[in-house]
Amino acid sequence: AQSVTQLDSHVSVSEGTPVLLRCNYSSSYSPSLFWYVQHPNKGLQLLLKYTSAATLVKGINGFEAEFKKSETSFHLTKPSAHMSDAAEYFCVVLPGTYKYIFGTGTRLKVLA
Amino acid sequence: NAGVTQTPKFRILKIGQSMTLQCTQDMNHNYMYWYRQDPGMGLKLIYYSVGAGITDKGEVPNGYNVSRSTTEDFPLRLELAAPSQTSVYFCASSGGTSGGQETQYFGPGTRLLVL
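The present account deals with the structure reproduced in this document. Not measured: the values here are computed from a predicted model.

What counts as what
- Residues numbered from 1 in each chain as written.
- Chains lettered and ligands numbered in written order.
- Predicted model: local features only at pLDDT ≥ 70, side-chain atom pairs only at ≥ 80, totals over all residues.
- Heavy atoms only, no water.
- Contact = heavy atoms within 4.5 Å.
- Buried area = accessible area lost by both parts, 1.4 Å probe.
- Salt bridge = Lys/Arg side-chain N within 4 Å of Asp/Glu carboxyl O.
- Polar contact = N/O pair within 3.5 Å; in protein donor to acceptor, adjacent residues only side chain to side chain.
- Helix = DSSP H or I, 4+ residues; strand = E, 2+ residues; numbered from the N terminus.
- Disulfide = S-S within 2.5 Å.
- Buried < 20%, exposed > 50% of the residue type's maximum accessible area, 1.4 Å probe, protein only.
- Core = buried A, V, L, I, M, F, W, Y, C linked by side-chain atoms within 4.5 Å.
- Pairing = 2+ DSSP bridges.
- Axes fitted to C-alpha atoms, helices over the stretch in contact; angles between N-to-C directions.

**Some points on the interface of chain B and chain A**
Thought 1: Taken together, the 23 residues of chain B in the interface contact 20 residues of chain A.
Thought 2: Between chain B and chain A, roughly 1,700 Å² of surface is buried when both sides are summed, and carbon and sulfur atoms account for 58% of that area.
Thought 3: Area buried by chain B at its contact with chain A is led by Glu 102, Thr 103 and Phe 106 of chain B, which between them contribute 27% of it.
Thought 4: The tally of links between chain B and chain A comes to one salt bridge.
Thought 5: Note that Lys 49 of chain A and Glu 102 of chain B form a salt bridge whose closest N and O atoms lie 3.7 Å from each other.
Thought 6: The interface formed by chain B and chain A includes six residue pairs in polar contact (both at pLDDT 80 or more).
Thought 7: Residue assignment for the side of chain B that touches chain A shows that the elements contributing at least two residues are strand S4 (31–37), strand S5 (43–51) and strand S9 (87–94) of chain B.

Structure (structure tokens):
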């Protein structure tokens, strides 16, 4: 069965320190993978996506993610957190069908 | 391009009332989706469409109906509102599921409260 697991429901970091949001997936097919960000009371905005090209994907606002097939992971990172990064982050997998599968989200808190 | 637009932004319904949530996209996308997001939860798929005249159920279709008469529009109908339908509803579209068209674009959401 296809699935996606976000390993942390909440992550807190201090401003200026690295961010790591973890995502593991399960898919029978070579999937497309996405990270979306949702700020409070807003819609979802695409941060980055992997679609079988380069395994290290760069996104907006300094975020990156690395596709590791052997570990079935697609973790999101940023070298230095900013206060404006505080939001909910969703890992999404498209396992070769019409239906996107969403993780349950990770709420990132950035401490001053 | 306006992208994906949704109306209304917020609505309060009484139990048993009906309403239609509107969704329009101007990107000529074939694929359109309706999701609901309950507080503190991820998104659950209600219905989706792969083209005009073609719709199918997602994970949580009960209490909802959709139609897709044009490429641009994908309205979601609630026939008999229930408190369990209190949620935020997002419409999304994509150009396809491969070939660089996989990105879903989301509308700003409709916040629905059923009392």
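**With respect to the state of the cysteines**
Thought 1: Summed over the entire model, instances satisfying the criterion amount to two disulfides over all chains.
Thought 2: Residue pairing for Cys 23 of chain A: its cysteine sulfur links by disulfide to Cys 91 of chain A, the two sulfurs lying 2.0 Å apart. Between Cys 23 of chain A and Cys 91 of chain A the disulfide shows an S-S torsion of about -70 degrees. By sign, it is left-handed. With Cys 23 of chain A in strand S4 (residues 23–26) and Cys 91 of chain A in strand S10 (residues 87–94), this residue pair connects regions lying 68 residues apart in the sequence.
Thought 3: On the basis of relative accessibility, which here comes to 0%, the residue Cys 23 of chain A falls in the buried class.
Thought 4: Disulfide pairing is shown between Cys 23 of chain B and Cys 91 of chain B; the S-S distance is 1.8 Å. The S-S bond linking Cys 23 of chain B to Cys 91 of chain B shows a torsion near -70 degrees; that makes this disulfide left-handed. Of the two residues, Cys 23 of chain B sits in strand S3 (residues 19–25) while Cys 91 of chain B sits in strand S9, which places them 68 residues apart along the sequence.
Thought 5: Residue Cys 23 of chain B is classed as buried on the basis of its relative accessible area of 0%.

**Observations regarding the nonpolar core**
Thought 1: Core analysis: the largest hydrophobic core is formed by 26 residues, its most contacted members being Trp 35, Leu 48, Leu 76 and Tyr 89 of chain A.
Thought 2: The element contributing the most residues to this core is S10 of chain A, with four residues.
Thought 3: Formed by 19 residues, the second largest nonpolar core is a distinct cluster that contains Leu 13, Cys 23, Val 66 and Leu 78 of chain B.

**Here's the deal with the sheet that holds strand S8 (residues 76–78) of chain B**
Residue and element names in this part refer to chain B.
Thought 1: If you trace the four strands from one edge of the open sheet to the other, you get S1-S3-S8-S7, paired in antiparallel fashion. Edge strands, defined here as strands with exactly one partner in the open sheet, are strand S1 (4–7) and strand S7 (64–66). Looking at each pair of strands side by side, their axes are set apart by 20 degrees on average, direction ignored.

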